[in-house]
Structure formats: structure tokens, C-alpha cells
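Next come the chains, spelled out residue by residue.
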Amino acid sequence: MLFPLKIDEDSKKKRKDSNGRTFTVQLLSYMLAAGISPARAPVFIAVAAPFTTLHAWLANYRSGARAVTPRGGVFQQSRDAPALRCQQARLPEGAVALLWSTALELEPDPLAAVTGRIEFVAMPRRDWLEEQARHRGGDVHATRAALFCAYLARRTDLPIATDPAFQVQLYEAALDEPWTGEPELQGDVGYAAPVTCLTNAKTFEPFLVAQTEAFYGSCSAQPLAIAASH
């Protein structure tokens, strides 16, 4: 996909530092993640433009200005959305920028431990995924499962077994739960299909215990069941 994404004039006029200029970038890729971020606030955006235009567009968008597409679509970073990280790179013909929500990062939001939220978007780069899969006999699915479990392990107090077969079972079972999703990534800039998780400790911990018992047998899973009750 490749189409213009322009900062909306009406939203710029509300900013005290607006000078009336319009900044337009080319939208390369984006992803919306219902529940993790508000409807009009993508958790991932890739854009390109001349460097000075890109810098100004980013400053406006990250401060809350609306960005609109030729067909009337609207993107806007709201106060309720997770914080956006940003990385830019200059190219001979201009510059590109990636903006991503902290929900995409392996390490969780520090507030998650306080609130009990378990929410993330697992969306690795394809080249990284393929490289890691080579260490697993080329099994990309098992590699995706291991990454999904790594995200979970950093967001729960219960231990998650590292047996690859168990990780695949846990991953596949989680994909059947209403608290996971597979949103569409629009545009291709080298990332694998995303998987989202939006739940909490109260829901996830019994699920983990049940999956562990099913895999290892109720006797060997007793320590996990006891841990879940404390």
C-alpha cells in the first residue's frame, strides 16, 4: 500500500504553535489493534517523506493532530493510547520512520504488574523469525509459539514451561480464546502477521494451569496449581 497521509488542517489550528503549513507523508504500513489502542490510533505505522517534512509530520502527529487519508480515513494518537516509540532513518531519496506502541515490546509496561493486565502484540520481523526458526529445525510455527510464550512469561507470576511441544499447545489453545486476535497488518515492510493478547491475570492463570495439567498430567502440574491459589 502507498498513499498520502496528511495532517488535518482543523486539528492543526487548535495548536498554538501551528503556522498553517500542511505536512504530507506516504503511508507504507499500519496496524490497528482493537482493545489495546483506541479505534483511530494505530499501534504500528510506517511512513516516508523528505526528511524535513517527515520530522514536522511526526511532531504534529505525536502531539495529537489528526492525520487523514485521501478517502477520509483518520488516524490520531489519543491520550488513551499506549505511548509511541519512534525510529527514523535517512535514505538517499528521503527518510522513513517507524512508530510503534509499547504494546509491541517484549518487556511489559511497568503499570501492567500493578493492574494485572496482560496485553501485547507479538509481531516479529520476518527475517528474525526465519533466523530463529533455523535453530528449531525450520519450524516457524514453533518459533512463533515460543515468542508468544516469552511475552506471556514476562506478564505473569506463574512459571511457563519451556518444552517446545508445550509452548505450541499453549499457543494454539490461546488462539482459540476470545482474548487473543490476529489483526490485519496493512502494507508489507518486513513484519510477520501480528497476534494480539488482551486479558488479565484472573483469566489467564487458570487457563495456564489447565493447559499445564493437560500436557504434563495432574500430578506433575500440582506445584503450578498451588502457586495459582496463593
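This text gives an overview of the structure that appears in the document.

Some thoughts on the packing of helix H5 (residues 140–153) against helix H6 (residues 164–175)
Alright, step 1. Where H5 contacts H6, the two axes come as close as 8 Å, and the packing angle between them is 80°. Between H5 and H6, the angle is such that the two are roughly perpendicular. On H6, the residues that touch His141, Ala142, Arg144, Ala145, Ala146, Phe148, Cys149 and Leu152 of H5 are Gln167, Val168, Leu170, Tyr171, Glu172 and Ala174.
Alright, step 2. Along the lines of polarity and charge, the residues of the contact of H5 with H6 split into 10 nonpolar, two polar and two charged.

Notes on the environment of Leu185
Alright, step 1. Of note, Leu185 is situated in the loop between strand S9 (180–181) and strand S10 (195–200).
Alright, step 2. Between the C-alpha atoms of Leu185 and Met123, which are 62 residues apart in sequence, the distance is 9.5 Å.
Alright, step 3. When near neighbours in sequence (up to four residues on either side) are disregarded, Leu185 contacts Ser29, Tyr30, Met31, Phe44, Met123, Tyr191, Ala192 and Pro194.

A closer look at the nonpolar core
Alright, step 1. With 25 residues, the main nonpolar core has Phe120, Phe148, Leu152, Ile160, Leu170 and Phe204 as its most contacted residues.
Alright, step 2. Residue assignment for this core shows that the elements contributing at least two residues are strand S8 (117–122), H5, H6, S10 and helix H7 (201–216).
Alright, step 3. The element contributing the most residues to this core is H5, with seven residues.
Alright, step 4. Setting aside anything within four residues of it in sequence, one finds Phe148 in contact with Phe120, Tyr171, Ala174, Thr180, Val195 and Cys197.
Alright, step 5. Judged by nonpolar contacts, the second largest core, of 21 residues, contains Leu27, Ala65, Ala95 and Ala97.

Looking at the layout of surface pockets
To find leftover empty space, a probe the size of one water molecule is rolled over the atoms.
Alright, step 1. By volume, the largest pocket amounts to about 290 Å³.
Alright, step 2. For the largest pocket, the lining is made up of 14 residues, of which Leu104, Met123, Pro124, Arg125 and Tyr191 are closest to its centre.
Alright, step 3. The set of elements that each furnish at least two residues to the lining of the largest pocket consists of strand S7 (94–101) and H5.
Alright, step 4. Here the residues of the lining of the largest pocket are counted per class, giving 11 nonpolar, one polar and two charged.

Criteria and cut-off values
Residues numbered from 1 in each chain as written. Predicted model: local features only at pLDDT ≥ 70, side-chain atom pairs only at ≥ 80, totals over all residues. Heavy atoms only, no water. Axes fitted to C-alpha atoms, helices over the stretch in contact; angles between N-to-C directions. Helix = DSSP H or I, 4+ residues; strand = E, 2+ residues; numbered from the N terminus. Parallel < 35°, antiparallel > 145°, perpendicular 65-115°, else oblique. Contact = heavy atoms within 4.5 Å. Nonpolar A, V, L, I, M, F, W, Y, C, P; charged D, E, K, R; others polar. Core = buried A, V, L, I, M, F, W, Y, C linked by side-chain atoms within 4.5 Å. Buried < 20%, exposed > 50% of the residue type's maximum accessible area, 1.4 Å probe, protein only. 1 Å grid on protein atoms, 1.4 Å probe; cavity = no way out; pocket = protein on both sides within 12 Å on 5 of 7 lines; lining within 4 Å. Points joined across faces, edges and corners; volume = space filled by probe spheres on them.

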